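Geometric and topological summary
Here's the letter readout for the chains.
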Amino acid sequence: MDESKKRLVQRLMRKIPTKMLKTTLEKWGRLTGEQQRAMDSIQSKWALTENLLAICEENELAVKHLTELEMIYMIDNPDQGMWYAFQLTDPGDDAQSVDLTQFKEQFKSHLRELVREVSIKIKKHTDEAVWIRIAWGDASSHPDHLKPTYVVHYLQTPYVFVTRLTSKQKPMLSQAMVLSTRYQYFKDANLSGRNLTAIRDLLMRKYQQVFPTKYPSPLTERKQTVTNPHVEREQAKPAANRLQMACEAFGGGTLPQLQSAVYKLETKFRDHTNTLMTEREEPFRCVVKFSSTNLLESLKNCASSGIASTPVTPLLSSIPLKGKNYFVITDNGPGPSSQMRQTQN
Amino acid sequence: MERHQNSVMRTPLNSVAVQRRSKNKSYRLSYRNRIGAASRLGLTPGLTARRLNTSRKAPKSNKITVTTEQLTLLVKTEWKLSYVTPLYRFRHTQLKIYSRQLSAFIAAEKQQGLAVDVEGTQNTFRVSFSLVLGMTESVDDAVTVHIQIHSKPLFAKQDEPQKPVWSGWLTCINGNPEYLRSLPKDFICLPLFCSSGAGGLTSLVKSWFQQSFDCCFGPLEISHTSLQWLMALWTNCQSESSIRQLKMIWTLPVEPQLQVTYTVDAEDAWELWSSVRKKNTAGEGEENSIDIEEVMSFMQGLKAHFFRHFRLDLSAGSLNEVSTALGSAKHSGMIKFSNSKYMITTLMLLTECALLKMPI
């Protein structure tokens, strides 16, 4: 078996954990019953790899079959690696009427025109998502299957999620997407994270949202702690208000798991007790990064516990509102990649 | 009192039972026992009432006279800090003997199976003690002592040289002269202990020191105030050599824990710092000293700017780490000097912190 196929199999076996192997291979469906049973009985990863290499020889499997296996695994386990969100803007008149077959044909032909050697695989997943696997090559080399780019596009929405993409590959992907979906621009949505499901839910609002209400909140505090009854009575209303506003800003129930948010501040220094600095013309440049295992949950707790003042500042509530986690904040008008207007305190 | 062959000299807890041939009665008691007898001996009662200095001289790019090769031993490594009580009868002239004694001690402990195995090294260790000259600030400071432990990596060939697997140093920079002069004659004060390397070796070295010089080690954390001082002192150096950025890492007590990394551009941090400085009241050619109020205003300004944007009060959390191009300091007691130029001022602050931890 040639080197590149062997390396691909080895890479796949390293990526797929043993416990997921059985189901993934079954879904793949390219093993005979006997071969499948043989794989199930082996425990060690190394032996499994050797066995799979032998099976590939036996069944005369090609690279395209192996990439199929990789794609099956990725689709079932999308919450790994880094995903970056992009948005298509300025739809043409017929953008809404693009259907799956049209999109597939057009995307493949456009990308093939732009990149001489490229291997494209498109699969539609059950939940309206179109998964695309791209292995890039160029005039002098075959497609590199060890460094593929995965693209997930939800038809009928302008959202596209992409894994690794070099600066050389970006314009080509951008062009192909724009032409096949009939939009004008393919822009960076300033949202990134490890969980595809999380950033998708955030961008497409698929999480429990809480709307402002004038009446006593029906939401109850999830954690019941034992406190002094006097304190409880006194704090009940302010605590309920804080919780309500925290949920309005970030959502109720389980929140999408984001790991970090970065704010590049280029605003003037703000502190009325320091006249020297406030008179300064130049901005006070700093970068603030918030990180946590579940950022939105942390921020919501900051708001409900009072560490962050409520109502929650637009800078923080923009994360779920605009579905972004990278912001450039300037004093006057929209910055180059943000639409934030700094409120005057 | 002569030293006998055994290198391990234990001072008995009950001093009355032992007859020492020392002329002066007060030297009978070891330093550790003085804790109980403090009132009788009248040792520096004022130290416990002392606080961290509220004003300091601005750091200058010192013309350090330490040799470059010794400097490379100290910079660019992250050190774990501990404080150590004064050493009884530690002699700077007996370093070779100490090297042999410590090697033997480590070998003995390993044989007994008590020591923790150091990963990836063979069992033979060679210890070297050396003096680091040129680092002291005042006449009363004892000379810095540097210790290095070498060993061969696990699968090394016969003739491959040993590599350093652990280093540590004891130092006292600009220690409080009142305190230093009040110590009895036989005590050497090197309160700041920095170590880097396997934890097992660190505990062995500490045990040996405890047995040989009757001292105590303890963890030295860098308090919030000290971290603020470091922020201000380092930012103050911006006019002479760029700090590149001032980075602070805070953690907020929410579930799940939220970490905030607040990085300010060097120039902007410098401008804010200059704006909170009081007018220069020092004489000609003298550097104005920095007061704690200025440091706190600096911090307040940074927090206020943050609050104006995020309406999140950083005081609710704790400051864990401060770093600039000159070095980094962690609340848990880790320090790193990236640049030797302003090292001395940082060490002065840390020596002060260590001295404040002295039991008496």
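An unreviewed UniProt entry lists chain B under the name Centromere protein L, with Pagothenia borchgrevinki as the source organism. In UniProt, chain B has this text filed under Sequence similarities (unreviewed entry): "Belongs to the CENP-L/IML3 family."

Looking at an unreviewed UniProt entry, one finds chain A named Centromere protein N, with Pagothenia borchgrevinki as its source organism. Database annotation for chain A, UniProt heading Sequence similarities (unreviewed entry): "Belongs to the CENP-N/CHL4 family."

A few words on the nonpolar core. The nonpolar side chains of a soluble globular protein tend to be buried with one another. Counting residues in hydrophobic clusters, the biggest one holds 149 residues, and the most contacted among them are Tyr263(A), Phe290(A) and Phe209(B). Considering each element in turn, this core owes the most residues, nine residues, to helix 9 (residues 343-356) of chain B. Among residues more than four places away in sequence, those in contact with Phe290(A) are Gln259(A), Ser260(A), Ala261(A), Tyr263(A), Leu295(A), Leu316(A), Leu258(B), Gln259(B), Val260(B), Phe306(B), Phe310(B) and Leu312(B). Among the nonpolar cores identified, the runner-up in size contains 25 residues, and Phe107(A), Ile134(A), Leu155(A) and Tyr183(A) belong to it.

All names here are of chain A. Taken in spatial order, the six strands make up an open sheet running 2-3-4-5-1-6, and their pairing is antiparallel. The sheet terminates laterally at strand 2 (118-124) and strand 6 (183-193), the two strands that pair on one side only. Across the sheet, the mean angle from the axis of one strand to that of its neighbour is 20°, orientation sign disregarded. With respect to the sheet, helix 7 (residues 170-181) is in contact with strand 1 (83-91), strand 3 (129-136), strand 4 (149-154), strand 5 (159-162) and strand 6, its orientation differing from that of strand 6 by roughly 125°.

To continue, consider the interface of chain B and chain A. Interfaces are often sized by the accessible area lost when the parts come together. Each side of the interface is counted separately: chain B has 34 residues, and chain A has 42 residues. Taking both sides of the interface into account, the surface hidden between chain B and chain A amounts to around 3,100 Å²; carbon and sulfur atoms contribute 60%. Interface area lost by chain B to chain A is led by Arg308(B), His309(B) and Phe310(B), which between them contribute 24%. Taken together, chain B and chain A are joined by four salt bridges.

A few words now on helix 8 (residues 196-203) of chain A. Helix 8 of chain A sits mainly inside the fold: seven of its eight residues count as buried. Within the sequence span of helix 8 of chain A, burial applies to Leu196(A), Ala198(A), Ile199(A), Arg200(A), Asp201(A), Leu202(A) and Leu203(A).

Moving on: helix 7 of chain A. Residues and elements named next belong to chain A. The end-to-end C-alpha distance of helix 7 is 16 Å, a good match for the 16 Å that 12 residues give at a rise of 1.5 Å each. What helix 7 keeps buried is the set Leu173, Ser174, Ala176, Met177, Val178, Ser180 and Thr181. Where helix 7 is buried, its residues contact strand 1, helix 6 (100-114), strand 3, strand 4, strand 5 and strand 6. Two residues or fewer after helix 7 comes Arg182, characterised by a positive phi angle close to 65°.

Moving on to the state of the cysteines. Residue and element names in this part refer to chain B. Tallying each qualifying case throughout the model produces zero disulfides over all chains. Take Cys189: it sits in no disulfide, and the sulfur closest to it among the cysteines is that of Cys172, at 5.0 Å. Cysteine Cys194 is unpaired, with the sulfur of Cys353 as its nearest cysteine sulfur at 12 Å. Since its relative accessible area comes to 1%, Cys194 is described here as buried.

All names here are of chain B. Judged by how many residues are buried, strand 5 (residues 144-153) sits mostly within the fold: nine of 10 residues are covered. Two elements, strand 5 and strand 6 (residues 163-171), share seven bridges in a ladder whose sense is antiparallel. Bridging across to strand 6, His146 finds its partner in Trp169.

All names here are of chain A. Of all five residues in strand 9 (residues 326-330), four are buried; the element is thus mostly enclosed. Sheet analysis places strand 7 (residues 260-267) next to strand 9, joined by five bridges and oriented parallel. Across the sheet, Val262 pairs through a bridge with Tyr326, a residue of strand 9.

Turning our eyes to something else, we now look at the pattern of salt bridges. In the structure shown here, the tally under the stated rule is 17 salt bridges over all chains. Taking the shortest distance from any N to any O, the salt bridge between Glu68(A) and Arg30(A) comes out at 3.1 Å. Taken together, the residues span a long stretch of sequence, with Glu68(A) in helix 5 (residues 63-76) and Arg30(A) in the loop between helix 2 (18-28) and helix 3 (33-41) at a distance of 38 residues. The class of Arg30(A) is partly exposed, set by a relative accessible area of 31%. With a shortest N-O distance of 2.7 Å, Arg133(A) and Glu70(A) are connected by a salt bridge. Remark: Glu70(A) occurs in helix 5 and Arg133(A) occurs in strand 3; sequence separation between them is 63 residues. Considered together, Arg133(A) and Glu70(A) belong to a single accessibility category, that of buried residues. What emerges from the salt-bridge pattern is a single network uniting Arg280(A), Glu282(A), Arg285(A), Asp265(B), Asp268(B) and Glu271(B).

Before going further, it helps to spend a moment on unusual backbone geometry. Cis peptide bonds are those with omega within 30 degrees of zero, and the linkage from Thr310(A) to Pro311(A) qualifies with 0°. Take Pro311(A): it is sitting in the loop between helix 11 (295-305) and helix 12 (314-323). Here the amide bond leading from Glu255(B) into Pro256(B) is cis, since omega sits at -10°, within 30 degrees of zero. Note that Pro256(B) resides in the loop between strand 10 (245-252) and strand 11 (258-265).

A few words on the environment of Leu114(A). Of note, Leu114(A) is situated in helix 6. Through-space distance from the C-alpha of Leu114(A) to that of Ala176(A) is 8.1 Å; in sequence the pair is 62 residues apart.

Once that is clear, we can look at the domain arrangement of chain A. Residue and element names in this part refer to chain A. The assigned domain composition of chain A is domain 1 (3-76), domain 2 (83-203) and domain 3 (229-341). If you average the C-alpha positions of domain 2 and of domain 3, the two centres end up 32 Å apart. The interface of domain 2 with domain 3 comprises 12 residues on the first partner and 13 residues on the second. Both sides together, the interface formed by domain 2 and domain 3 hides about 920 Å², and carbon and sulfur atoms give 55% of it. Interface area lost by domain 2 to domain 3 is led by Asn190, Ala198 and Leu202, which between them contribute 56%. Viewed at the interface, domain 3 and domain 2 are joined by zero salt bridges. Every element with two or more residues in the side of domain 2 that touches domain 3 is listed here: strand 6 and helix 8. When grouped by side-chain class, the residues that make up the side of domain 2 that touches domain 3 number six nonpolar, four polar and two charged.

Parameters and conventions
Residues numbered from 1 in each chain as written. Chains lettered and ligands numbered in written order. Predicted model: local features only at pLDDT ≥ 70, side-chain atom pairs only at ≥ 80, totals over all residues. Heavy atoms only, no water. UniProt positions renumbered as here; feature names shortened; annotations may be inferred. Core = buried A, V, L, I, M, F, W, Y, C linked by side-chain atoms within 4.5 Å. Buried < 20%, exposed > 50% of the residue type's maximum accessible area, 1.4 Å probe, protein only. Helix = DSSP H or I, 4+ residues; strand = E, 2+ residues; numbered from the N terminus. Contact = heavy atoms within 4.5 Å. Pairing = 2+ DSSP bridges. Axes fitted to C-alpha atoms, helices over the stretch in contact; angles between N-to-C directions. Buried area = accessible area lost by both parts, 1.4 Å probe. Salt bridge = Lys/Arg side-chain N within 4 Å of Asp/Glu carboxyl O. Expected span 1.5 Å × (residues − 1). Disulfide = S-S within 2.5 Å. Domains from an automatic or database assignment. Nonpolar A, V, L, I, M, F, W, Y, C, P; charged D, E, K, R; others polar.

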